[in-house]
Amino acid sequence: MKIIRSIINLLLFDFLKGLAVTGRNFIKPAVTLQYPEQGTIPKSPRNRGALALREYPDTGEERCIACRLCEVTCPALAITIESQMRSDGTRRTTRFDIDTFLCIHCGLCQEACPVDSIVLTDLQNYTIKGRGDNIMDKEMLLNIGRAYESKIAQNRQDNEPYV
Amino acid sequence: MTDNPTIQIEINGQSVQCQPGESVIAAADRHGISIPRFCYHPKLSVVASCRMCLVDVEQSNKPLPACKTIVSDGMVVRTKSELAIEAQRAIMEFLLINHPLDCPICDQGGECELQDVSMGYGFGETDYQQAKRTVADENLGPLIATDMTRCIHCSRCVRFGDEVAGMPELGMTGRGENTRISTYLKHSMESELSGNVIDLCPVGALTSKPHRYHGRSWEYTQHHSISPHDCVGSHLYYHIVDKKSSEKNRVTRVVPRANETINQNWISNRDRFSYQGLEHHQRLKQPMMKKSGKWEEVTWQNALYAVQAKLEHVSPDNLYGIINPTATLEEMYLFRQWLDHYQCVNFDHRLKECDFSDQAEMPLYPGSLDLSLEAVETMESILMIGGNTRAEAPLFNHRIRQATQQHQSRVHELNMLDFESNYPQGHRCIVSPQQFAHTLSGWLMLASDEVAPNLPDSSSKSGQAIIDDLTASNQSLIVLGLSAQSHPQSSQIRRIAKRLAKKTGSKLILITDGPNTAGAWITGMLPHRKPFGQTPETVGQHITHAWQQRSANYILYQVEPDLDCFDGHLARSALEHANCVIAFHSYRSPSLEQHADIILPLSSHVENAGTFINICGQWQSFSQAMPHRYNSRPGWVVLQKLCHLLSNNHPIVSDITTLSQTINNQFNTMSPSFTRIPTKEPESVKPLNHKLMNHNYWSPFKSDALVRRASALQQTLNQSKLLIHPDTAKQYAIRNKQVVTIKSQYKTIQLPCEFNLSIPIGCSAIHQGCDSVLPLPAIGHITLSSVEGDQT
């Protein structure tokens, strides 16, 4: 037995076996993606990415009613709200700031929101380039909401059975 | 404990001692056993309409309302038995049938009794599927916002109006589903205590309008303070939003702090809504100095040196220290110490008075030394002389109303204007300012069984009846209101009132202006007293003399000359010709900007700490509720610095309580040596012989710098009008609703006039409304003429 084993070792059979694996994988199409340069990765509808404020698609009216539940529920104290009566008598925010440095993307604000206004989109790759840019104000958040409204709505619908 | 026999009952297995006649809910509250409730309130009558407090009482086959069930010996009460829980859940479901679930936009959210109770005692589910009821909102004026759909008909607001405010402004109409809380006819809530319904409402049906949608209860930190507006010194809480940067801190609302001896559970609208003035755009942010006619911002150091340089060569006779009684005791004490370095003797704080000839006979401080606010409630008969206590000291008036309600007291009145009162009145006598002191002196003669000299029949008759009533009562009180003290014959009025009190065995109390008049008397903000009632070597000049000077030097502390003084025009013209005016103030008042040379920015009441002494002599300290804003500084810090600049020996204390303690110790050791000069025997007073006198009645919402800048309160004021009796108007050929020219000693203004039968003949009245400047003396003679061709 010992002699047979020595002959096999001498012929580098194991080496070829290993190379065969490499060879096979060399020809096989790759499963790894180069993030973020390459392609899109599949995401759960519950993915907790950048925050956004939504509007009602039919009227264009902002959903937020300044109830401040997100502000009080936020464990990282990332949200700052100031509110006032708007000229039409409704309760609206005059300031809605999220400090993205503080935000831990826990999603409690989304859960607290009674009107589905504040949501976490599946937008993950956003960057902050300057000091002070970490504060996302109301207009920025509404813009994100406007741009991704269809995706947000789709995700929420997909998640509906599991809520 | 009292000697009354107590009853023993058992609540949830815990044995509880109760007074006979007590309700189960009151006994439970005292022992910290929680029973849910909506309509029950310890200060209001019991109606048992909400049924939320149903409890299981042994030997009763159905649950009983704890608020209406009187304890009896051996009673066994269970609040957590199956029966009680079932009842609580059913009631909660019933109340939520029509209550909208709009908590996220409701201002009460987070501090709502309905929210709390439904979390604690509700079932969480309902079978009700039908449409909910909606109710149209009422417009209750600029202070109270309504959302009547949220109302659960507990009727606390209705009972408050009937029982406490004495103005049944709200009522309940309809039955069952159609029940509405409404004002019947459209009008706003005008009671001086109406703001309290905001706190009473257990749901979000009645909320504060200025605070609407501005914040949530959980964001606020609560700071205890004392009201800076009236002589009662109500206890209150400032609710403050603490933001990360102190510049953004602000007071978002004011709520009462219960204190049985002072304000009970209530505060007046003026105390509640004046906080809006704190954010006014006229707040001073930096010390200001006038350089060749232009205002420049300077640093504190430069400003203080400039003040020192200005006062360096001033002669003491020509230096006047005038302070508003809104300043704290500590500020007054240091103000005196600072100006003592310049040998100043001309101090005064009596901005709204004009007659001081009895000043030497005054006690250590006006107000009352032997009367507590609670004792007012036990008085059998009360005589009000002048003034409108209801507006000037609403919580004092509340005590008088309580006296009429609980002890059937009789309240009589001698006044110059017919003010509406909120309690049943005894004898009333409304006379013109000319006749006012004369009538009172006639009454004193009646009390001494002399023949009253030529008093009209009606007033001598009511005078006799009032004096008889005061004499016959065991407990009687004479209240001298503010306008009696701004009367040109006020020193005689005070003397007569003292005499009358002695003759009839009554107590006497003087309603004073501002929160700290007593403090001003104690710290010697007077020309004839040093601190703690000590007599000075030289008696200085009082405020009316001060305003008559030319090229004098004035130090104004929290004074807005044209708005705070008895005769604003006189004060302004004095400042116009002044040599130097140094002002300490929180706001850039236009009159100060025009006449002052240096303005030092003081912190507002919220950013300040100190002590106020109320009319009953209670020392009430408050601490700083939030850090000082902009570059303003608390007055006691600034004054200490100024003292220190003059003399290095002057100690600087960083803690105000040390300072307060020093003052209190000195008060205790020095004021007993105060010798009181006995009151002169009042002479018989002749009526003033002016043909027409005007009573320029200051609205309580114009009383100090802070409240003048509170926007919601200012919206409640009506346009100023000259009220006049048609018979008086006839003499001047004035028609109703006509614009008239009013000429006083110095000034001419035009106002629309209106006929009013309640104004005495020979007198006119102006209820000061929206006009920010009405430069007429509080009580003074005028002439009238109609404006030609005007028919508005």
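1. Here we look at the overall build of chain B
Part 1 of the argument: Broken down by element type, chain B carries 25 helices and 33 strands.
Part 2 of the argument: The C-alpha radius of gyration of chain B comes to 28 Å, within 12% of the 28 Å expected for a compact globule of 792 residues.
Part 3 of the argument: Counting the 792 residues in chain B, one finds 53% classified as buried.

2. Brief notes about the sheet that holds strand 19 (residues 428-430) of chain B
Residues and elements named next belong to chain B.
Part 1 of the argument: One open sheet accounts for 5 strands, arranged 19-18-17-20-21; its pairing is parallel. Pairing within the sheet leaves two strands with one partner each, and these edge strands are strand 19 and strand 21 (507-510). The sheet shows a mean angle of 15° between the axes of neighbouring strands, direction not considered.
Part 2 of the argument: Where strand 17 (residues 381-385) lies against strand 20 (residues 476-480), 5 bridges are found, and the strand directions are parallel.

3. Some remarks on the domain arrangement of chain A
Part 1 of the argument: For chain A, the domain assignment lists domain 1 (2-38) and domain 2 (51-162).
Part 2 of the argument: On a C-alpha basis, the centroid separation for the pair domain 1 of chain A and domain 2 of chain A is 51 Å.

4. A look at the environment of B:Asn346
Residues and elements named next belong to chain B.
Part 1 of the argument: Mapped onto the elements of the fold, Asn346 is located in strand 16 (residues 346-348).
Part 2 of the argument: The class of Asn346 is buried, set by 27 C-beta atoms lying within 10 Å.
Part 3 of the argument: Residues Asn346 and Gln115, 231 residues apart in the sequence, show an inter-C-alpha distance of 59 Å.
Part 4 of the argument: Once residues within four sequence positions are removed from consideration, Asn346 is found in contact with Leu319, Tyr320, Gly321, Pro527, Gly540, Gln541 and Ala546.

5. As for the sheet that holds strand 32 (residues 779-781) of chain B
All names here are of chain B.
Part 1 of the argument: Strand order in this open sheet of 7 strands is 32-27-31-28-30-29-33, and the pairing throughout is mixed. At either end of the open sheet lies a strand with only one pairing partner, and these are strand 32 and strand 33 (783-786). Looking at each pair of strands side by side, their axes are set apart by 35° on average, direction ignored.
Part 2 of the argument: Sheet topology note: the strand 27 (residues 693-697)/strand 32 ladder contains 3 bridges and is antiparallel. Bridged to Asn694 within strand 32 is Gly780.

6. Comments concerning the nonpolar core
Part 1 of the argument: Counting 214 residues, the largest nonpolar core has B:Ile322 and B:Ile385 as its most contacted members.
Part 2 of the argument: If near-sequence neighbours (up to four positions away) are discounted, B:Ile385 is found in contact with B:Leu414, B:Leu440, B:Ile478, B:Val479, B:Leu480, B:Gly481, B:Ala484 and B:Ala497.
Part 3 of the argument: The next biggest cluster of nonpolar side chains, apart from the first, holds 28 residues, and it includes A:Leu51, A:Leu69, A:Ile81 and A:Cys113.

7. Some words on the interface of chain B and chain A
Part 1 of the argument: Contacts between the two partners involve 8 residues from chain B and, on the opposite side, 11 residues from chain A.
Part 2 of the argument: The residue inventory of the side of chain B that touches chain A, partitioned by class, reads 4 nonpolar, 2 polar and 2 charged.

8. Some thoughts on the packing of helix 2 (residues 82-97) of chain B against helix 3 (residues 113-121) of chain B
All names here are of chain B.
Part 1 of the argument: The interhelical angle for the contact between helix 2 and helix 3, taken along N-to-C directions, is 140°, at an axis separation of 10 Å. One way to sum up the angle between helix 2 and helix 3 is to call them oblique. The handedness of the crossing between helix 2 and helix 3 comes out as left-handed. Together, Gln88, Arg89, Met92 and Leu96 of helix 2 and Val117, Ser118 and Tyr121 of helix 3 make up the contact between the two elements.

9. Observations concerning the pairing of strand 18 (residues 410-415) of chain B
Residues and elements named next belong to chain B.
Part 1 of the argument: Judged by how many residues are buried, strand 18 sits mostly within the fold: 6 of 6 residues are covered.
Part 2 of the argument: In strand 18, alternate side chains face the same way, and those of Arg410, His412 and Leu414 on one face and Val411, Glu413 and Asn415 on the other are all buried.
Part 3 of the argument: With 5 bridges connecting them, strand 17 and strand 18 associate as parallel partners. Of the residues in strand 18, the one forming a bridge with Ile382 is Val411.

Definitions and cut-offs
Residues numbered from 1 in each chain as written. Chains lettered and ligands numbered in written order. Predicted model: local features only at pLDDT ≥ 70, side-chain atom pairs only at ≥ 80, totals over all residues. Helix = DSSP H or I, 4+ residues; strand = E, 2+ residues; numbered from the N terminus. Rg over C-alpha atoms; globule rule 2.2 N^0.38 Å. Buried ≥ 20, exposed ≤ 12 C-beta atoms within 10 Å, placed from the backbone. Pairing = 2+ DSSP bridges. Axes fitted to C-alpha atoms, helices over the stretch in contact; angles between N-to-C directions. Domains from an automatic or database assignment. Contact = placed C-beta atoms within 7 Å. Core = buried A, V, L, I, M, F, W, Y, C linked by C-beta atoms within 7 Å. Nonpolar A, V, L, I, M, F, W, Y, C, P; charged D, E, K, R; others polar. Parallel < 35°, antiparallel > 145°, perpendicular 65-115°, else oblique. Left-handed = near helix turned anticlockwise from the far one by under 90°.

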